[in-house]
Amino acid sequence: MEDLDSLSVEMHEQEDIEDEVEDVVATSELFSISSFGVDYPVETLVNRTRKEMFYLPDFQRQFIWSQNQASRFIESLLLGLPVPGIFLFKESNTGKHLVIDGQQRLKSLQYFFDGKFNNKVFKLRGLDSLWEGKSFQSLSDEDQFRLSDAVIHTTVFKQDLPKEDINSVYEVFERINTGGIKLSPQEIRSCVCHGNFNDFLHSLNNDENWRVIYGPKSKRLKDVEIILRFLAFYEKKRDYSSPMKHFLNDYMGFRRNSTDAELEHLRNVFSSTMEFVLSSLSQKAFRPDRSLNVAVFDSVATSIARMLQGDNPLDLAEAKAAYDYLLSNDEFKSGYLQATADNDNVAKRFKEANSAFRVT
C-alpha cells in the first residue's frame, strides 16, 4: 500500500524531471524459472536481514515507508491478518539472495525489533488499536511471541534460461515486483547489475557540479539513471535502438565488469562535462521550461562531452550561444518534446546538438 508520503516523493520527482515513461513489452522469448516457497517466522526473517543473508542492494537501503505505514504492517501481523509474500532472487553465479519484493516490510520488522526508526524510538503510531504507542520492548510477552512467530511466505526463484540476457532478467524483476511502491527501472538495474559499475554510477552521482545541476538526490535513482543515459549515449550512440530501457540495460551489462582504467576515463569525461555545463549554462541547464528535460540533457551533455574531447572546444560564451540557438531550433524541439525514445527523434536531436557544438 502506498501512503501520502511515498506518493509525494514520486510526485515531487515527476514535477522536477521531464522524461517519457515507456510501457514496452521487453521480450517474447520464453523463460525457464525454478522456484520454491518457504514459510519463514518473522523472527527468522529479522535475523537473516540483520546478518545480510538476504542481500539488499545499496539503492534498497533508502527506506521509503513512513512510520505510520510500517506501523500498520506490523499491526496486521499482530492481528493475524495475511500479508503479501516476499520474493528473493538467487543469483546463479554468486548464490546471493537478492530481495526483489519485500524490502520495506523486512526493514520495518528489523527497525521495530531493534527499537529504532530514523534514530528515534520506534513506537507504533497511527493505529486505532491497543498497540498504539507501543514499542517492541513494551509489548506484552504474549504479543512479542505472536509477532515473532507470525509467518510470511517467501518465494525463492532463479532464472535458468535464457542466460546472459539482462533484458530478460530485468523483465522478470519488473513483473515479479508486486509491492505497493514499484521498483523504478534504475532500481531494477541496480539489482540485476550490482557490482563495480553500479557502485561507480553512484559515486558519479556525488559529483558536486552534477548535484547543483540536478538538485537533491532522487530516492528512486532517477539521477543515477540519467548519468547512465549520458554514458550510454557517449559511448554507444550508434548502437541506439528503441526502446530506451533496453538500450540502458544493455549498456549497463556491457560495462558491468569494466576495468579501473576504463572507469577512470569515464569519470573524467562526466566530471569535466558537468563542470563545463555549470560554468557555461548555469544550474538552469537542460531546463527549457521549469523541469529538467532528460531528452535535452542526453543530447546536449553528450555533444558537449564530445566537443571537450576534440581539438577545438568552444569557449564558455560560444557554448552558451550554441545552447540558446538549440532551444530556439524547431528541428531540435521536435526531437525532445514528444516520443523522445523514438529512433528518429533521438537521431534528430543528436544531429542538431552535434552541429551546434561543432561535433563531427
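Calculation notes
Residues numbered from 1 in each chain as written. Predicted model: local features only at pLDDT ≥ 70, side-chain atom pairs only at ≥ 80, totals over all residues. Heavy atoms only, no water. Helix = DSSP H or I, 4+ residues; strand = E, 2+ residues; numbered from the N terminus. Buried < 20%, exposed > 50% of the residue type's maximum accessible area, 1.4 Å probe, protein only. Contact = heavy atoms within 4.5 Å. Pairing = 2+ DSSP bridges. pLDDT = per-residue confidence, 0-100. Axes fitted to C-alpha atoms, helices over the stretch in contact; angles between N-to-C directions. Parallel < 35°, antiparallel > 145°, perpendicular 65-115°, else oblique. Core = buried A, V, L, I, M, F, W, Y, C linked by side-chain atoms within 4.5 Å. Left-handed = near helix turned anticlockwise from the far one by under 90°. Nonpolar A, V, L, I, M, F, W, Y, C, P; charged D, E, K, R; others polar. Polar contact = N/O pair within 3.5 Å; in protein donor to acceptor, adjacent residues only side chain to side chain. Phe/Tyr/Trp six-rings, centres within 6.5 Å; stacked < 30°, edge-to-face > 60°.

J.: Looking at this structure, I do not really get the overall build of the chain. What am I missing?
T.: Across its full length, the chain holds 16 helices and nine strands. Buried positions account for 51% of the 360 residues belonging to the chain. Here the analysis covers contacts within the chain between residues at least 6 apart in sequence; of these, 73% occur between residues at least 24 apart.

J.: Which parts of the structure should I look at to understand the pairing of strand β4 (residues 86-90)?
T.: Two faces, one strand: in a regular strand the side chains alternate between the faces of the sheet. Here four bridges tie β4 to strand β5 (residues 97-101), and the two strands are oriented antiparallel to one another. Across the sheet, residue F89 finds its bridge partner in β5, namely L98. The antiparallel hairpin formed by β4 and β5 contains six residues in its connecting segment, where G95 sits at a positive phi of about 80°.

J.: Hey, could you run me through the confidence of the model for the chain in this one?
T.: Detailed conclusions should not be drawn from predicted coordinates in areas where pLDDT is low. Confidence in the prediction for the chain averages 87 pLDDT; 87% of positions are at 70 or higher. Note on residues 1-15: pLDDT is under 50 here. Beyond four places in sequence and across chains, it has 23 contacts.

J.: Explain the packing of helix α8 (residues 196-204) against helix α10 (residues 222-236) here, please?
T.: Helix-helix packing: each pair is described by the crossing angle between the helix axes and the interaxial distance. Direction vectors running N to C along α8 and α10 enclose 105°, while the axes themselves pass 9 Å from each other. Here α8 lies roughly perpendicular to α10, going by the angle between them. Contacts from F197, F200, L201, H202 and L204 in α8 reach V224, I227, L228 and L231 in α10.

J.: What's the story with the nonpolar core in this structure? I'm lost.
T.: One broad rule of soluble globular proteins: the nonpolar side chains tend to lie buried together. Among the nonpolar cores identified, the biggest contains 70 residues, and F197, W210, L231, F286, F297, V300 and F357 are the most heavily contacted of them. F297 has contacts with W210, I226, F230, M274, F286, L292 and T302, leaving out every residue within four places of it along the chain. Membership of the second largest hydrophobic core comes to 32 residues, among which are L45, V83, V99 and L106.

J.: Is there a simple way to explain the packing of α10 against helix α13 (residues 294-309) in this structure?
T.: Remark: α10 packs on α13, axes separated minimally by 9 Å, with the N-to-C direction vectors making an angle of 50°. Here α13 runs oblique to α10, going by the angle between their axes. For the element pair α10 and α13, the recorded crossing hand is right-handed. Between α10 and α13, the contacting residues are K222, I226, R229, F230, F233, Y234 and E235 on the first element and V294, A295, F297, D298, A301, T302, A305, R306 and Q309 on the second. Residues of the contact of α10 with α13, tallied by class, amount to nine nonpolar, two polar and five charged.

J.: I tried to follow the environment of E225 on my own but got confused; where do I start?
T.: In this fold, E225 is placed in helix α10. Placed 20 residues apart in sequence, E225 and N205 show a C-alpha to C-alpha distance of 9.7 Å. There is a polar contact of 2.9 Å between the side chain of E225 and the side chain of R189. Within polar-contact distance, the side chain of E225 engages the side chain of K222 at 2.7 Å.

J.: Help me understand the environment of G102 in this model?
T.: Following the sequence through the fold, G102 ends up in the loop between β5 and α4 (103-114). Under the relative-accessibility criterion, G102 is labelled buried at 7%. A C-alpha to C-alpha distance of 8.6 Å links G102 and L88, two positions 14 residues apart in sequence.

J.: Is there a simple way to think about the packing of aromatic side chains in this case?
T.: In this description, a pair of aromatic rings is defined by centroid distance and the angle of the planes. Under the criterion given, the structure shown has 23 aromatic pairs. Taken together, a centroid distance of 5.2 Å and an interplanar angle of 65° make the contact between F89 and F157 edge-to-face. Residue F89 is located in strand β4, and its partner F157 is located in strand β8 (residues 151-161); the two are separated by 68 residues in the primary sequence. Taken as a pair, F89 and F157 share a single burial class, namely buried. Taken together, a centroid distance of 4.3 Å and an interplanar angle of 25° make the contact between F113 and F136 stacked. Remark: F136 occurs in the loop between β7 (120-121) and α5 (141-149) and F113 occurs in helix α4; sequence separation between them is 23 residues. Given a relative accessible area of 11%, F113 falls into the buried group.

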